[in-house]
Amino acid sequence: MFEQLRTKFGLERHQVMFTFSHNHCGPRLGDDLVDYYPVEAEQVKLVDEYTALMSKRPSRWSASRSRSLPPRACGSARARTTFAVNRRNNREADVPGMLAKGTPLAGPVDHTVPVMTVTRPEGSLVAILLGYACHPTTLSFTTWCGDYPGFAQLELEQDHPGATAMFVNTCGGDQNPLPRRSVELCRRYGHMLAVAVEEGMKQR
């Protein structure tokens, strides 16, 4: 994959970043997480096909975007949202009651929302890169879902037609979205993140 990008576009390895997020409702790649997901022959075949597909697509995406992107400018900002909870220092079952009572949650968290924007010369948005330090694990059923980042991306792209919203999972290994386990909560967290990004973009 990296060799294809270097050969076709002159991009060296240090100029390319692939980012992904932990997700309980997404497909696995290659031989990752074989102890978490079904590994019967039918599933292995599907995983192999999906992995092969994803190894080819970045080069195609780069080709299509490199031809269509005009001169652009980058900007950055920081915002804040607060649904991440330290999962090491707070029992999941206790969190709803603690929030209802106003009891302070324990443990370190990072509620920063870093935002990077790419704009065209006339000021319209090409891309929005947003981050948050929290596992995207609001949901855990076996139906594909982008979890809270996916809902945030959808909202931002609806509010900014023509822009692509992308998510990077920052250092949130100890953080979960709590409470969780419902699509309603997942949508709410996605909205909270999108609102924070909008606030950050006002600082540009």
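Scroll up to find the structure.
A brief structural summary.

Comments concerning unusual backbone geometry
- Look at the link from Leu178 to Pro179: it is a cis peptide, with omega at -5°.
- Turning to its location among the elements, Pro179 is positioned in the loop between strand S6 (175–177) and helix H5 (183–201).
- Notably, Asp147 is not glycine yet its phi reads approximately 55°, a positive angle.
- As for its placement among the helices and strands, Asp147 is situated in helix H4 (residues 147–159).
- Its identity as a non-glycine residue notwithstanding, Arg181 has a phi of 85°, on the positive side.
- Mapped onto the secondary structure, Arg181 falls in the loop between S6 and H5.

Brief notes about H5
- In a regular helix each residue adds 1.5 Å, so 19 residues correspond to 27 Å; H5 covers 27 Å between its end C-alpha atoms and thus fits that length.
- Along H5, the residues that are buried comprise Leu185, Cys186, Tyr189, Gly190, Leu193, Ala194, Ala196, Val197, Gly200 and Met201.
- Looking at the buried residues of H5, the elements they touch are strand S1 (73–80), strand S3 (112–119), strand S4 (125–132), H4, strand S5 (164–169) and S6.

A word on the sheet that holds S3
- Strand order in the open sheet formed by four strands is S1-S3-S4-S5, with mixed pairing between adjacent strands. Each having just a single partner strand, S1 and S5 make up the two edges of the open sheet. Strand-to-strand twist across the sheet, computed as the mean angle between neighbouring axes with direction ignored, equals 20°.
- Summarising the sheet, S4 and S5 pair through six bridges and their orientation is parallel. Considered in S5, the bridge of Gly131 is made with Val168.
- Contacting S4 and S5, H4 runs over the sheet at an angle of about 155° to S5.
- Contacts from H5 reach S1, S3, S4 and S5 within the one sheet, and its direction differs from that of S4 by about 120°.

Quick look at the pattern of salt bridges
- Taken as a whole, this structure holds seven salt bridges when the rule is applied.
- A salt bridge links Glu49 to Lys45, with the nearest nitrogen and oxygen atoms 2.5 Å apart. With Glu49 and Lys45 both in helix H2 (residues 41–68) and four residues apart, this pair spans about one turn of that helix.
- With a relative accessible area of 42%, Glu49 lands in the partly exposed category.
- What makes Lys45 exposed here is its relative accessible area of 52%.

Some words on the nonpolar core
- Counting 28 residues, the largest nonpolar core has Leu130, Tyr132, Tyr148 and Leu193 as its most contacted members.
- Those elements that place two or more of their residues in this core are S3, S4, H4, S5 and H5.
- Sorting elements by how many residues they give to this core places H5 first, with eight residues.
- If we ignore the near neighbours within four places in the chain, the residues touching Tyr148 are Phe83, Tyr132, Cys134, His135, Pro136, Thr138, Phe167, Cys186, Tyr189, Gly190 and Leu193.

What about a nonpolar patch on the surface?
- The grouping of Met1, Phe2 and Phe18 at the surface amounts to a nonpolar patch, some 250 Å² of accessible area in total.
- Topologically, Phe2 is positioned in helix H1 (residues 2–9).
- For Phe2, a relative accessible area of 32% translates into the label partly exposed.

How each quantity is defined
Residues numbered from 1 in each chain as written. Predicted model: local features only at pLDDT ≥ 70, side-chain atom pairs only at ≥ 80, totals over all residues. Heavy atoms only, no water. Helix = DSSP H or I, 4+ residues; strand = E, 2+ residues; numbered from the N terminus. Expected span 1.5 Å × (residues − 1). Buried < 20%, exposed > 50% of the residue type's maximum accessible area, 1.4 Å probe, protein only. Contact = heavy atoms within 4.5 Å. Pairing = 2+ DSSP bridges. Axes fitted to C-alpha atoms, helices over the stretch in contact; angles between N-to-C directions. Salt bridge = Lys/Arg side-chain N within 4 Å of Asp/Glu carboxyl O. Core = buried A, V, L, I, M, F, W, Y, C linked by side-chain atoms within 4.5 Å. Patch = residues over 30% accessible without salt bridge, like charges linked within 9 Å, V, L, I, M, F, W, Y side chains within 5 Å. Areas by Shrake-Rupley, 256 points an atom, 1.4 Å probe, with all protein chains shown as cover.

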